[in-house]
Amino acid sequence: AGQRRFAQSSTTTPLGGDGPKKVAAQASNVQTQASVHQKKFSWMPGRGMYYDLAGRAPHYKSDWVDGFRTNIGILAPATYIFFASAIPALTFGEQLADETDGEMNGVHVLLATFLCGCMQAIFGGQPLLIVGVAEPIVLVYDYMFRISKTYGIPFLPWASVTLFWTSLFLLLLAVFNTCFYAHHFTRFSGELFGVLISLLFLQQAIKGLASEFSPPHPHFLASASARRAEVGVGYGVAEEQPWLLFNGSFALVLAGGLLYTSIRSVEARNWVIFPGFLRRFIADYGTAVFVLIWTLLSYIPAVTGPVAQQLPETIPRRLVIPNTFDGSKNYFVLQRLGELEGWHVGAAIIPAAIIAVLFFFDHNVSSQLAQEGMHLRKPAAYHWDFFLLSMMTLLCGCIGIPPVNGVIPQAPMHSRANAIWLKKKELKPGEEDDADEHEGRPYYILENRVSNLLQSLLCGVALLATPILQKIPRSVLWGFFAFMAIEGLPGNQFYQRILLFFTDPKRLHKVKEDPKHATFIDTVPMGVIWKFTAVQFAGLAICYGITWAGIVGISFPLFIMLLVPAREKLFPRIFDDKSLQEMDPLDLSDAPSEPTESPGDDPYRLAHTDTGVPAAEHNPYAAFPAPGYHAQHAAQHNIHHASRQQAGTPGSLPVYSQGGVPATYAMQPMSMQGGFAPITPMTPQQQQQFFSVQQSQPAQPR
């Protein structure tokens, strides 16, 4: 809706290289139609993809120009998201190798991330969307491998045929415009799925660390023997109990060390020590640096003291990843399709349908989180991206590698990593503008294709460095899994409401005093909040329990999809409409309407709102919510603070002006060249109305 308002009201050049005003005005009409039709279902095949392409085509050039315009600055988000994609890819590769007896491994996962990431960056409708192999698909492949062993089905050919069926299902879903249903995904199901992903990350970290105390997997032993034969050294495998205990304890040290240092490093921007450039470097690249540091520390037992003379070569256990150029039978899987019987091909429809349902939810939610609530200026492209996903799935099936889809939390992390922070307009007496202090600082998201393409190419470069990757201890990756689980929770409203269960009622006022708190805490009774959270937690428990239900666990995506109609049809019978709209609105169009559709009709919004530039992160005065808030809360957010203004609440009417005259944003980007669209100038009548409001209620400093 914010994109639609901008398209209707803006007469200036969009961010980047979209061209003169005339071109922008012509493009805005197409963009407006595309934005409107994204939420309308049509039985006309391909109409959704048509409007997606029509909306994105005018911005394709600027997607590249805006990225290259930042020069070396684009490397920061590209390398940041590369490590956030590559390290999980290696970990999923280890998990797949364990679950499939080495049929698939880290090279295949990295290859899928590289190829499909480049396709998304170049041909995708939403270039900020990050694709990769996700934890749920690893679970599905685990169950598929068990089924293939039970019934004597060749796994690799069967997996490829499954992806062929999946690609067909995804193609039909995209052609028949079903992605409009993504606008029915609300916080309830989306955030439940996000917590489930974090829970699965944490589960795998715990299982991985527990396995360090047990004898290694057979495929790990085979790899260790092959490596020992290749290099001609080694002292055997740690299978005796004392060595297993030492290996497990050392793994806990490495994993715990990486977890702690990574959590501390992401907070580096708020440190008071070290120069600003060093704090920024630690915040952006600290996790990758600490992976290197803890990898180096893992060699201490092998080079010090008498233990080094007897230490088995499998302490600590390191990545089992073959060299990329050693060849793989997976790439010639099409030659093995003749090994399948007719019923094998038919049976593949079942897991294919499960994967299609999983992708429909996971991919669209990832795309939704990467753009909604970020106030992006360019339209979404759900149908086209889903069509492109079907082509990616087909490609993965042809060369025998695992399929990819949009991933959480990497997709929204990528959008936030492309934030360009602007200078503060107001400073306290004696305060200097600190580029690393983001509180109260406006920003906008740099929508580009360059950062996504660079991070995908870096995944391809990693394929050339497998001898180096083999040095990384598995326990370090388990620690990174725990880090990803924890990092996926902040900003998740479901997780925040769970914390309310443990909040002392006497200290609840401190939560409400925090300007970052969600607005529903002020308007919804606490008993209703707890009841809604309990229902959501029950859904999470059921969904998580299904993943442990043996072969039936492959059906867990079906239950997640059932939560969407349950939210629409069942919840209104349990909760009152007002509370539901505050905590989990069905759609922006269903939420209470704003006073005006266009910023030009309201002097307050006109003086303080640039529809192309979102306000500072968690700014209580923002006319729209910042990242971490769902876009559907925009209307409630505005009405909440409008009521504060009418009640005379201090600080409810911030002022952005130059020389006492309401003006457009006078702020300049701090880390890049190029500007953004200013708001529409006020008419004299609107200025007079604005000054009358300002004089009757003086504004407080932010």
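Scroll up to find the structure this text is about.
Residues numbered from 1 in each chain as written. Predicted model: local features only at pLDDT ≥ 70, side-chain atom pairs only at ≥ 80, totals over all residues. Heavy atoms only, no water.

Student: Where do I start with a nonpolar patch on the surface in this structure?
Tutor: A surface patch of nonpolar side chains, amounting to about 370 Å² of accessible area, comprises Phe281, Val289, Ile293, Leu297 and Ile300. Top element by residues in the nonpolar patch is helix α12 (residues 276-297). It accounts for four residues. (Patch = residues over 30% accessible without salt bridge, like charges linked within 9 Å, V, L, I, M, F, W, Y side chains within 5 Å. Areas by Shrake-Rupley, 256 points an atom, 1.4 Å probe, with all protein chains shown as cover. Salt bridge = Lys/Arg side-chain N within 4 Å of Asp/Glu carboxyl O. Helix = DSSP H or I, 4+ residues; strand = E, 2+ residues; numbered from the N terminus.)

Student: Would you explain the packing of aromatic side chains in this entry?
Tutor: Pairs of aromatic rings are described using the distance from one ring centre to the other and the angle between the two planes. Tallied over the full model, the rule gives 28 aromatic pairs. Residues Tyr50 and Tyr51 carry aromatic rings whose centres are separated by 5.2 Å and whose planes lie at 70° to one another, so their mutual orientation is edge-to-face. For the ring pair Tyr60 and Trp64, a centre distance of 6.3 Å and an interplane angle of 75° mean the geometry is edge-to-face. Linking Tyr60 with Trp64, this pair stays in helix α4 (residues 60-69), spanning four residues, or about one helical turn. The exposure class of Trp64 is buried, given its relative accessible area of 18%. When the ring centre of Tyr299 is taken as reference, the NZ or CZ atom of Arg318 above it lies at 3.9 Å. In this arrangement the basic side chain of Lys531 is found over the ring face of Phe575, its NZ or CZ atom lying 5.4 Å from the centre. (Phe/Tyr/Trp six-rings, centres within 6.5 Å; stacked < 30°, edge-to-face > 60°. Buried < 20%, exposed > 50% of the residue type's maximum accessible area, 1.4 Å probe, protein only. Lys NZ or Arg CZ within 6 Å of the ring centre and 35° of its normal.)

Student: What is the right way to look at helix α26 (residues 556-569) in this model?
Tutor: Compared with the 20 Å implied by 1.5 Å per residue over 14 residues, the 21 Å span of α26 between its first and last C-alpha is a close match. Turning to α26, its buried residues are Phe556, Pro557, Phe559, Ile560, Met561, Leu563, Val564, Arg567 and Glu568. Structurally, α26 contributes buried residues whose contacts are with α7 (135-151), α9 (187-211), α16 (349-371), α25 (526-546) and α27 (577-583). (Expected span 1.5 Å × (residues − 1). Contact = heavy atoms within 4.5 Å.)

Student: Sorry, what's going on with the pattern of salt bridges here?
Tutor: Under the definition given, this model contains 13 salt bridges. With its nearest N and O atoms 2.2 Å apart, the salt bridge here joins Arg187 to Glu191. A residue pair is termed a helical-turn pair when its members lie 3 or 4 positions apart in one helix, as Arg187 and Glu191 do in helix α9 at four residues. By relative accessible area, which is 5% here, Arg187 ends up buried. You can call Glu191 buried: its relative accessible area is 10%. When the shortest N-O distance is used, the salt bridge between Asp584 and Arg567 registers 2.6 Å. One end of the pair, Asp584, is in the loop between α27 and α28 (603-608); the other, Arg567, is in helix α26, with 17 residues separating them in the sequence. Each member of the pair, Asp584 as well as Arg567, carries the same accessibility label: buried.

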